[in-house]
Every structure is written in C-alpha cells, then in structure tokens.
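The lines below spell out each chain.
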Amino acid sequence: MEYTTLGGTGLRVSRIGLGTWQFSEDWGVTSYERAKAIVEAAVESGINLFDTAFRYGQGLSERLLGRALRELGVGYDDIVVVTKIPGELLSRDDVFRAVDVSLRRLGFGAIHVLLAHWPPLWRHIPVCEYARAFERLVVMGKVHYIGLSDHPLELVEAFRSCLSRIDVDVLQYKLNLAEREAERDVLPYAEDLGASLMAWSPLAKGAIVRSVEPERLRELRDYRRLDPLYHPVNYSQLMKLYEEVKRVADKYGKTPAQVALNWLLMLSDVVIPIPGATRPEQVRENAGAAGWRMSWSDWRALDEASRRLRLTYVVQEE
Ligand SMILES: NC(=O)c1ccc[n+]([C@@H]2O[C@H](COP(=O)([O-])OP(=O)(O)OC[C@H]3O[C@@H](n4cnc5c(N)ncnc54)[C@H](OP(=O)(O)O)[C@@H]3O)[C@@H](O)[C@H]2O)c1
C-alpha cells in the first residue's frame, strides 16, 4: 500500500480507502460477519482510511464499522474514520446531536474527520451556522479535522470564511474515469488549498470495471437500478470504456478495477479513491491499485476513451 498525508492534518492515510455505504440495505451488506470480513480485508491490505456517514443504513454503517474495528483490535490512532452529517441536520443544535449519535454508534471518544455530507436543501441553514458548529467541535476536542462533501465551491469558500482558527482539510466529491466534473474546478481548488480530494464512486459503482448483460441490468435490486449510469443509453457507452480499461488491465496483468483506480491515483497526488466493496476479495483487489503506475500513453488512451463519452442524466421515459 502507498500512503499520503491527509490534507494539512499530518495524518498518514492509505492512498486507497474503504467506502462503507455498502453496509446498508441500499447495497445489501447488512450482516455483521460480512462487514467484519470486509473491514478485516482492508486492514490486512494496509488500508487505514474508512469512509462512513450518519445516513448510511440509518446508522448501520457506523455501527458495523465501529464494532468491526474494535473486535479486530485496531487502535484508534492507527486509523482515520471519516463520517458525515446530512444536509438536513446542519443546524447548530442538530450538528451537536448528530455527532453525539455518531460517536455512540462508532464507539469513539472523538471523530477523526467530520464532513457536511451535502448542503442544506430543504431547510434554510446559513453556512456560517454549521461552519461555526464544526469549529466548536474541533476546539472542544470531539472532532479532530473537518471538511465538506458535494458542496459547490462558492459554498466551500463561504464556509471557510466563517472559520477562525481551523481550515478545511478534506473535500469529498464524485470522481471516476467516466464522471469527471470535479476535475474541472474542485481538483485544482483542493491542490491549491492543500486539501485531500476523496473520490467517491471511484469505480462508477462498478459500471466501468465489468460488463453486465443488458438484459440483466434491470435485475439489479440495489441502489444502482436508479443510477443513470446503469440506464442503457449510458451503459452501452460505458461498455466501450470498459473494453479499453480491460485492454490496459490485461497488458499489466492487473484487473479492470485496479486500472480504473490507478488512473485516479495518477491524476493527482491529492486524490484518494474510496471504493466500496460487498466482498473481502474486492477490497484486496482494490488495494492492489496502489504500488505501481501505468504508462503515460496508457493513461492518455483511457483519458481519450472517457472524453468520448456523452453521458446524460436525463433518463426518464418519454
Ligand atoms: N459523499 C458522498 O456524497 C458519497 C456518495 C456516494 C458514495 N460515497 C462513499 O464512497 C464510497 C464508494 O462509492 P460507491 O459505493 O458509490 O461506488 P464505487 O466505489 O464506485 O462502487 C462500489 C461497487 O463496485 C463494485 N466493486 C467494488 N470493487 C470491485 C472490484 N474490484 N471489481 C468489480 N467490482 C467492484 C461493488 O459492486 P457489487 O455491489 O456488485 O459487489 C461495489 O459495491 C461509498 O461506499 C461511500 O463511502 C460518498
């Protein structure tokens, strides 16, 4: 495993993290034993960065992750767990209450890194209100470091302007070989700020690292059946990208997932992909995305293949 420093925190984290939204009904990992095996595979592979959220599985993810780390005997100082508060719970009082709940679920005395999961959408909560609540938690030692997920940069700027003594160390946005919007402005912003950019859905929810027969797409029972990537209009294009990913993978004796993640590692040293997994073997495989690099020409071939995509998010029937 390769390691890097998380933003300006001084914390050493693995270049590949583990996303644990999968520990929920959405993705189907609901048994403790299965979650523990996934976390164990991560720890054995040198992964020490874990991503969870207040919302995942209505708390199941935080609970299963915390319990697994405890029962595996992993020390608090040997890991970094990132959790997030949903946009609807970002009033000052709700931030404090939600952190208390997350701490109990995780079984921790303090949260390593706390993010606002997305901006408040259905409530009017000024950005300074949650920025100052986050800062108070750091000052009081209940949270060590903070960041933002899925916020437009104008809001990131506003959030940072409300802070007095600390700054944002982590940004978390969707970024994968097929969906590259964050590359336009968030990536240079993170590099300039010295923050880490945690890339979520780094495998495009699996859509760019394996091929599913078109007729089987509709059988997906999990979260993906709603994802525009899995709509035939997009999926047929993604299969062309997959063929290119597979070609590069075969050349290096790697797997498509390892190539898709390696491509992100090469994009910038601030990018930290956090792939989710429903099986321990996937975690081990994904950890093998680090420790090697494809050639510039192969990186470029994938870049060009992805630039040819014309994905649409308007996939409703007429
Ligand atoms: N901040 C945010 O708003 C936000 C949003 C979404 C996600 N996240 C975080 O980011 C993490 C990852 O994102 P994601 O779960 O949306 O997407 P992802 O990591 O791109 O895809 C995960 C899925 O890809 C498949 N997969 C994993 N490893 C594989 C391998 N080696 N070969 C083939 N397929 C593989 C698995 O599918 P199967 O289920 O079929 O096994 C797995 O469930 C989440 O767990 C969560 O922690 C954050």
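Provided above is the structure to which this section pertains.
Residues numbered from 1 in each chain as written. Predicted model: local features only at pLDDT ≥ 70, side-chain atom pairs only at ≥ 80, totals over all residues. Heavy atoms only, no water.

(A) Broad picture of the nonpolar core. Ranked by internal contacts, the top residues of the largest apolar core, which has 98 residues, are Phe159, Leu171 and Leu197. In contact with Leu197, not counting residues within four places along its chain, are Leu171, Tyr173, Leu175, Val186, Leu187, Ala190, Val270, Val271 and Ile272. Of all hydrophobic cores here, the second largest spans 11 residues; its members include Leu49, Val113, Ile272 and Ile274. (Core = buried A, V, L, I, M, F, W, Y, C linked by side-chain atoms within 4.5 Å. Buried < 20%, exposed > 50% of the residue type's maximum accessible area, 1.4 Å probe, protein only. Contact = heavy atoms within 4.5 Å.)

(B) Representation of the site of the ligand. Around the ligand, the surrounding shell holds 30 residues, and the nearest of these are Gln22, Asp51, Asp150, Ser201 and Thr278. Within the contact set of the ligand, an oxygen atom lies 2.8 Å away from a backbone nitrogen or oxygen of Leu203. Between the ligand and Thr278, the relevant distance is 2.5 Å, taken from an oxygen atom to a side-chain nitrogen or oxygen of the residue. Within the complex, the protein chains bury 93% of what would otherwise be the 900 Å² of accessible surface of the ligand. At three residues, the largest contribution of residues to the shell around the ligand is made by helix α11 (residues 280-287). Of the residues contributing to the shell around the ligand, the split by class is 11 nonpolar, 12 polar and seven charged. (Near = heavy atom within 4 Å. Polar contact = N/O pair within 3.5 Å; in protein donor to acceptor, adjacent residues only side chain to side chain. Areas by Shrake-Rupley, 256 points an atom, 1.4 Å probe, with all protein chains shown as cover. Helix = DSSP H or I, 4+ residues; strand = E, 2+ residues; numbered from the N terminus. Nonpolar A, V, L, I, M, F, W, Y, C, P; charged D, E, K, R; others polar.)

(C) Inspection of the environment of Leu90 at higher detail. With respect to the helices and strands, the residue Leu90 is situated in the loop between β5 (80-85) and α3 (92-106). Overall, Leu90 belongs to the buried group, its relative accessible area being 0%. As a C-alpha pair, Leu90 and Gln237 span 147 residues in sequence and 38 Å in three-dimensional space. Setting aside residues up to four positions removed in sequence, Leu90 forms contacts with Ile85, Val95, Ala116, Trp118, Pro120, Ile125, Tyr130 and Phe134.

(D) Structural context of the packing of helix α9 (residues 232-252) against helix α12 (residues 296-307). It is the contact of α9 with α12, at a shortest axis distance of 9 Å, that shows an interaxial angle of 170 degrees. Overall, the two elements α9 and α12 adopt an arrangement that is roughly antiparallel. Residues Leu241, Glu244, Val245, Arg247, Val248, Lys251 and Tyr252 of α9 pack against Asp298, Ala301, Leu302, Ala305 and Ser306 of α12. Taken together, the residues of the contact of α9 with α12 break down into seven nonpolar, one polar and four charged. (Axes fitted to C-alpha atoms, helices over the stretch in contact; angles between N-to-C directions. Parallel < 35°, antiparallel > 145°, perpendicular 65-115°, else oblique.)

(E) Structural context of unusual backbone geometry. Look at Ser201: it is not a glycine, yet its phi comes out positive at around 50 degrees. One can find Ser201 in the loop between β9 (196-200) and α8 (214-217). On the accessibility criterion, Ser201 (12% relative accessible area) is buried. In the Ramachandran plot, Lys205 falls in the positive-phi region, its phi being about 55 degrees despite a non-glycine side chain. Among the secondary structure elements, Lys205 is positioned in the loop between β9 and α8.

(F) How the structure looks around the sheet that holds β9. The strand order across the open sheet formed by eight strands is β3-β4-β5-β6-β7-β8-β9-β10, and the pairing between neighbours is parallel. Bordering the open sheet on either side are β3 (18-19) and β10 (271-273), each of which pairs with just one other strand. Examined bridge by bridge, strand β7 (residues 143-149) and strand β8 (residues 168-174) share four bridges and lie parallel to one another. Note that in β8 the partner of Ile146 across the bridge is Val168. With respect to the sheet, helix α4 (residues 127-139) is in contact with β5, β6 (111-116) and β7, its orientation differing from that of β7 by roughly 155 degrees. (Pairing = 2+ DSSP bridges.)

(G) Highlighting the state of the cysteines. According to the stated counting rule, one finds one disulfide in the structure shown. Note on cysteine connectivity: Cys128 is disulfide-linked to Cys162, with sulfurs 1.9 Å apart. Taking the sign of the S-S torsion, about -80 degrees here, the bridge from Cys128 to Cys162 comes out left-handed. In this pair, Cys128 is assigned in helix α4 and Cys162 in the loop between α5 (153-161) and β8, connecting sequence segments 34 residues apart. In this structure Cys128 comes out as partly exposed when scored by relative accessible area, which is 24%. A relative accessible area of 5% places Cys162 in the buried class. (Disulfide = S-S within 2.5 Å.)

(H) Seen up close, the side chain of Lys205. The buried category is assigned to Lys205, whose relative accessible area is 11%. What Lys205 contacts, discounting residues up to four positions off in sequence, is Trp21, Trp27, Trp200, Arg210, Tyr223, Arg224, Asp227 and Tyr230.

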